[in-house]
Amino acid sequence: MDNIGVYVSALQESLQKKLDVLLELLKLTKEQGAILKEKEPDMDRFDEIIQEKAKLLDNMETLDRGFDALFAKVGDTLKNNKYEYQTQITEMQNLIRSITDTGVQIEGQEHRNKTAFQQYLTGARHEIKEFTVNNHVANSYYHNMANQHQSWQSYFLDQKK
């Protein structure tokens, strides 16, 4: 393995890209949380964020597969020569810690967003139910009022004689 340094650099780069993707996911997840806190949430933007996050997750999956394939090639060499590559290994360990911490932050924010979204849905369901009930009452009123008038009665004459 003459190019072990190149492989190690590629591993580091892959981890950095994964961290960058996770930081972008965290940013978008926080934006979703902010949207859900609004009185009138912009659900179109919320949906756009979901689409953006899906693309980032696909990208991260590609990065993970590439990292795993590359590590399979050089992992044993790194383990057997850990003192020679100590600086790079330490940098990768730090990146992995940052990745883990960011992942935990995303998970926490996603949990908060889930709770806020459920509250939003509960409110929306209540509004829909209220609208349906009000619509039904109004329809009943108009139907009853229409049935109160007989064809032989005049709308303009006082019927109390």
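As a starting point, this report considers the structure included with it. Here the structure is a predicted model, which is why all the values come from computation and not from measurement. (Residues numbered from 1 in each chain as written. Predicted model: local features only at pLDDT ≥ 70, side-chain atom pairs only at ≥ 80, totals over all residues. Heavy atoms only, no water.)

You can see E91 is positioned in helix α3 (residues 86-148). A residue is classified by how much of its surface remains accessible, and E91, at 40% relative accessible area, is partly exposed. Between the alpha carbons of E91 and Q12 there is a distance of 7.6 Å; along the sequence they are 79 residues apart. (Helix = DSSP H or I, 4+ residues; strand = E, 2+ residues; numbered from the N terminus. Buried < 20%, exposed > 50% of the residue type's maximum accessible area, 1.4 Å probe, protein only.)

Moving on, we get to the side chain of Q12. Looking at the secondary structure, you find Q12 in helix α1 (residues 4-37). When neighbours within four sequence positions are excluded, Q12 is seen to be in contact with Q88, E91, M92 and L95. (Contact = heavy atoms within 4.5 Å.)

Along the chain, L70 falls in helix α2 (residues 43-80). L70 gets classed as buried once you look at its relative accessible area, which sits at 16%. For L70 and V8, which are 62 residues apart along the polypeptide, the C-alpha to C-alpha distance reads 8.8 Å. Once residues within four sequence positions are removed from consideration, L70 is found in contact with Y7, A10 and L11.

Taken together, the side chains of E38, D42, D44 and D47 present a region of like negative charge at the surface. With respect to the helices and strands, the residue D47 is situated in helix α2. On the accessibility criterion, D47 (41% relative accessible area) is partly exposed. (Patch = residues over 30% accessible without salt bridge, like charges linked within 9 Å, V, L, I, M, F, W, Y side chains within 5 Å. Areas by Shrake-Rupley, 256 points an atom, 1.4 Å probe, with all protein chains shown as cover. Salt bridge = Lys/Arg side-chain N within 4 Å of Asp/Glu carboxyl O. Lys, Arg positive; Asp, Glu negative; His and termini not counted. Charge placed at Lys NZ, Arg CZ, Asp CG, Glu CD.)

This part covers the nonpolar core. The biggest cluster of nonpolar side chains holds 27 residues, and the ones touching the most others in it are L11, L25, L78 and M92. Considering every element that reaches this core, the biggest residue donor is α1, with 12 residues. If sequence neighbours within four positions are ignored, M92 has contacts with V8, L11, Q12, L15 and L78. (Core = buried A, V, L, I, M, F, W, Y, C linked by side-chain atoms within 4.5 Å.)

Function cannot be inferred from these measures alone, as they are strictly geometric.
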